[in-house]
Amino acid sequence: MVDDKAFWGIIGTVLGVIIGFFCNVAHTYYLKRMRTCELKKALKDECISLKNQLPMLIDIFEQCIQKLSQGKILPGPAVHSLSTVYRSSISEIYPYLSLKERNLLHVVYERLRVGDEILENYVSILSRELQEGLINDPIQGWIIRMKDQIDSYRIVDNLLKSYINKNPIDVFNIDAKPLSD
């Protein structure tokens, strides 16, 4: 009888450890899954906000172009495009995004970064170019660059729309058949 109690005690302990282990694994998996879902939702929300911010960014560039066309420079920093969620969480949710989503988000955020840098630096660079006199018409060059950025924002708008609608555009043509040798 004593041996039976010891045997069942050991079995109970082993089963308890096994059940506890699997419960812990399931709980950890659940928490990780919930965190990933929360971050993906936050990223989608940021993309929705970015899509709504684009008209403001385009307007700033159009105002700059208008002033440059008049020979004036519209100084002052502009509000940067949103990127808080992307920058803080992309490495954590990267494995949980499809290849198309990762590529699309990379292109979107890089195009936005370029626009932010143009707005942040164009006054000082243009002023230097005007002082140096090495470029024939630096103002026209900046007008072209800013029009190109507006076109880039329009591309970003389409990319964001496809991401938000869960039908990401294949920006790097990963679905294209490879060329035969």
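Residues numbered from 1 in each chain as written. Predicted model: local features only at pLDDT ≥ 70, side-chain atom pairs only at ≥ 80, totals over all residues. Heavy atoms only, no water.

1. Focus: the pattern of salt bridges
Tallied over the full model, the rule gives eight salt bridges. D157 is the partner of K51 in a salt bridge, and the nearest nitrogen-oxygen pair spans 2.7 Å. On the criterion of sequence distance, the pair formed by K51 in helix 1 (residues 2–69) and D157 in helix 4 (residues 138–164) is long-range, its members being 106 residues apart. The salt bridge partner of E132 is R128, with a shortest N-O separation of 3.7 Å. Taken together, the residues E132 and R128, both in helix 3 (residues 99–132) and four residues apart, mark about one turn of the helix. The class of E132 is partly exposed, set by a relative accessible area of 45%. By relative accessible area, R128 is classed as partly exposed at 44%. One salt-bridge network, held together by shared partners, links E110, R113 and E117. (Salt bridge = Lys/Arg side-chain N within 4 Å of Asp/Glu carboxyl O. Helix = DSSP H or I, 4+ residues; strand = E, 2+ residues; numbered from the N terminus. Buried < 20%, exposed > 50% of the residue type's maximum accessible area, 1.4 Å probe, protein only.)

2. Concerning unusual backbone geometry
A negative phi angle is the norm for most residues apart from glycine, just as the trans form is the norm for most peptide bonds. Located in the positive-phi region is K166, a residue other than glycine, with phi close to 60°. With respect to the helices, strands and loops of the structure, K166 is situated in the segment after helix 4. Of note, N173 is a non-glycine position whose phi angle comes to about 50°, a positive value.

3. Let's talk about the environment of F61
Residue position: F61 is located in helix 1. Sequence separation between F61 and G20 is 41 residues, and the spatial gap between their C-alpha atoms is 59 Å. Ignoring any residue separated from it by four or fewer positions in sequence, one finds F61 in contact with G115, I118, L119, M146, Q149, I150 and Y153. (Contact = heavy atoms within 4.5 Å.)

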